[in-house]
Amino acid sequence: MLGFENAYWLGLFILFVLSASYKWIGSLVGSTVLVALYYIYDLYDGEAFLYIAGGYLLFSIVITGTFQYFDHQNERLNRWQNFFNKQSKNLHVLREVSLALQSTLKVDKIMHIFLTAVTAGYGLGFNRAFILLQDGKDSSIFNGRLAIGPLSVEEGHVIWENVVSKKLTLRDFIKLQREAEMNDEELNTMIRSYHFKIKSNHRICNQVLTEKEPIIVDDHFIESDELLQSIKEKFSMKQFAIIPLLTRGKVIGLMMIDNFVDHNVIEFDDLDNIMPLATQGAMAIENAILYERSESMAIEDALTGLKNKRFLDRMFPHLQESAQSNKTNLTAIVLDIDYFKIFNDTHGHLLGNDVLIQMGRILSESVDDDDIVCRFGGEEFVILLPKTNAIKGVEVAEKIRQSICSHNFQGGESQPLGYVTASVGVASYPNSTKDCGKLIHLADEAVYQAKHLGRNRVISL
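Conventions adopted
- Residues numbered from 1 in each chain as written.
- Predicted model: local features only at pLDDT ≥ 70, side-chain atom pairs only at ≥ 80, totals over all residues.
- Heavy atoms only, no water.
- Pairing = 2+ DSSP bridges.
- Helix = DSSP H or I, 4+ residues; strand = E, 2+ residues; numbered from the N terminus.
- Axes fitted to C-alpha atoms, helices over the stretch in contact; angles between N-to-C directions.
- Contact = heavy atoms within 4.5 Å.
- Buried < 20%, exposed > 50% of the residue type's maximum accessible area, 1.4 Å probe, protein only.
- Core = buried A, V, L, I, M, F, W, Y, C linked by side-chain atoms within 4.5 Å.

A.B. asks: For this particular structure, what's the right way to read the sheet that holds strand 4 (residues 215-217)?
C.D. replies: In sheet architecture, strand pairing relies on hydrogen bonds along the backbone and comes in two forms, parallel and antiparallel. Across the sheet, which stays open at both edges, the six strands sit in the order 3-2-1-6-5-4 with antiparallel pairing between neighbours. Since the sheet does not close on itself, it has two edges, and those belong to strand 3 (195-197) and strand 4, each with one partner. Taken over all neighbouring pairs, the strand axes of this sheet differ in orientation by 25° on average, direction set aside. Packed on one face of the sheet, helix 7 (residues 185-192) meets strand 1 (128-134) and strand 2 (141-148) and runs near 175° to strand 2.

In structure tokens form, the structure reads like this:
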């Protein structure tokens, strides 16, 4: 084939290779060079040369066009394949998240599941994600609640190497809430202490709230917006996206995502993929918040805001079991407002309710955070002091009694003792009884003794 006698077929072969490798440039250069060589060496003359040149040109066009067509079809097929692969992955993420969200009604757990799906490599794969929820009293205020992701690039690489070595799946990530909270403790401390108020001059965030559409924030937007500058400086962000958490047509929060470690550019296609997940997460978060509120209403006294008897009945067995198994003290204080019926008959129930509200505030401020204050019913209150002995319990009770006496209740001067007072009973395990279940009953008996002895006093059994 390399001899001059086969130059025509050799030229076709060369054109085929050049056209397949370099497309139009290869075919043009190859045809020109071959025709020039044939002309220089005078291999063909006259009419034959014109046929050869025209044939080469036509062959180049046909071959290049054919390869171009197949390349175009292959690229089109690859685009569709990538599209379907991405959609399949997104559907897988939605399925995993849907199953996980059905397992809990705790707000923090739901947010962890949601953010895990956004940040995990087997999920949507963003490096970091933050959730800020709308304040219940002021819709323009957003409070940081939860975040997942590294604080530094080095930390991000360490996390990813750990993921690869352990071959963790999205379902594994969702299960590892406690480990994630420990890994992201510093970031979560930052986000939970962070809040902002969206003002009229915060154009980008207002746009997200009014149009209810996500937006990608880069340096062009950041320069002209003080709120975005604050976010960028606080979390060392460059390019990031703000996504509204929508449910029933209203925004309940904002999610922010960025690629802090790999610096991958966030595209609008990414936001299209994340919006169905964001909507699903927002609905789950709202349902969990509503559930927690209903649970809170079920165990809280509507008037005073203290826990109610239902909560006391639920918690007391646990405190009792803990005290007995750990051999620690448990003290119960029962308090009853003196002559409260006379107060209501004199001043009416509205002012009586005000006394109960202020009484609840006094009791809450007089005990530690671990102690439990309940409105037992009417004008009677119960306080449980875990790990508190009888002596300390009496001290707390006396402090409460004195606080009530010194408090300026409206209408208190009309009471038989000249001011609002309370009779207080104290009982402690194991000092008062070895039967922890009888604590509240014994403290209640002590209240009746205090009443019998003249009221406005503390009696300990």
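A.B. asks: Even after reading the chapter, I still don't get the pairing of strand 9 (residues 380-386), so can you show me in this structure?
C.D. replies: Here is the key point about a regular strand: its side chains alternate between the two faces of the sheet. Within strand 9, six of the seven residues are buried, which leaves the element mostly enclosed by the surrounding structure. As judged from the seven bridges shared by strand 7 (residues 330-337) and strand 9, these two strands associate in the antiparallel manner. Each residue of the ladder has a partner; that of Ile-333, found in strand 9, is Ile-383. One ladder, built from five bridges, connects strand 8 (residues 372-377) with strand 9; its direction is antiparallel. Each residue of the ladder has a partner; that of Arg-375, found in strand 9, is Phe-381. Following strand 8, the chain reverses through two residues before pairing antiparallel with strand 9; Gly-378 in that reversal takes a positive phi of roughly 60°.

A.B. asks: Explanation requested: the sheet that holds strand 8 in the structure shown.
C.D. replies: The five strands lie next to each other as 8-9-7-10-11, forming an open sheet whose pairing is mixed. The outermost strands of the open sheet, each flanked by one partner alone, are strand 8 and strand 11 (458-460). Within the sheet, the average angular offset between the axes of one strand and its neighbour, ignoring direction, is 20°. The strands touched by helix 14 (residues 349-366) within the sheet are strand 7, strand 8 and strand 9, with strand 7 carrying the most contacts at an inclination of about 155°. Contacting strand 7, strand 9, strand 10 (422-429) and strand 11, helix 15 (residues 390-406) crosses the sheet at an angle of about 165° to strand 10.

A.B. asks: Help me understand the environment of Phe-221, please; the structure alone is not making it clear to me.
C.D. replies: Relative to the helices and strands, Phe-221 is located in helix 9 (residues 219-222). The spacing of Phe-221 and Arg-203 is 18 residues in sequence and 9.3 Å in space, taken between C-alpha atoms. Once residues within four sequence positions are removed from consideration, Phe-221 is found in contact with Arg-203, Ile-204, Ile-216 and Leu-228.

A.B. asks: Hey, could you run me through the nonpolar core in this one?
C.D. replies: If you look at the biggest cluster of nonpolar residues, it comprises 58 residues, and the most contacted ones within it are Phe-196, Leu-228, Ile-231, Ile-242, Met-255 and Ile-257. It is helix 11 (residues 268-299) that contributes the most residues to this core, nine residues altogether. Setting aside residues no more than four positions away along its own chain, Leu-228 makes contact with Ile-204, Cys-205, Val-217, Phe-221, Ile-222, Phe-240 and Ile-242. By size, the runner-up hydrophobic cluster in this structure holds 27 residues, among which are Leu-351, Val-373, Ile-383 and Ala-397.

A.B. asks: Just checking my understanding: could you explain the pairing of strand 2 for this structure?
C.D. replies: In terms of strand pairing, strand 1 meets strand 2 through six bridges, oriented antiparallel. By the bridge assignment for strand 2, Leu-132 is matched with Gly-144. Where strand 1 folds back onto strand 2 in an antiparallel hairpin, the turn is made up of six residues. Direction of pairing for strand 2 relative to strand 3: antiparallel, over a ladder of three bridges. The residue bridging Ile-141 from the neighbouring strand is Lys-197, located in strand 3.

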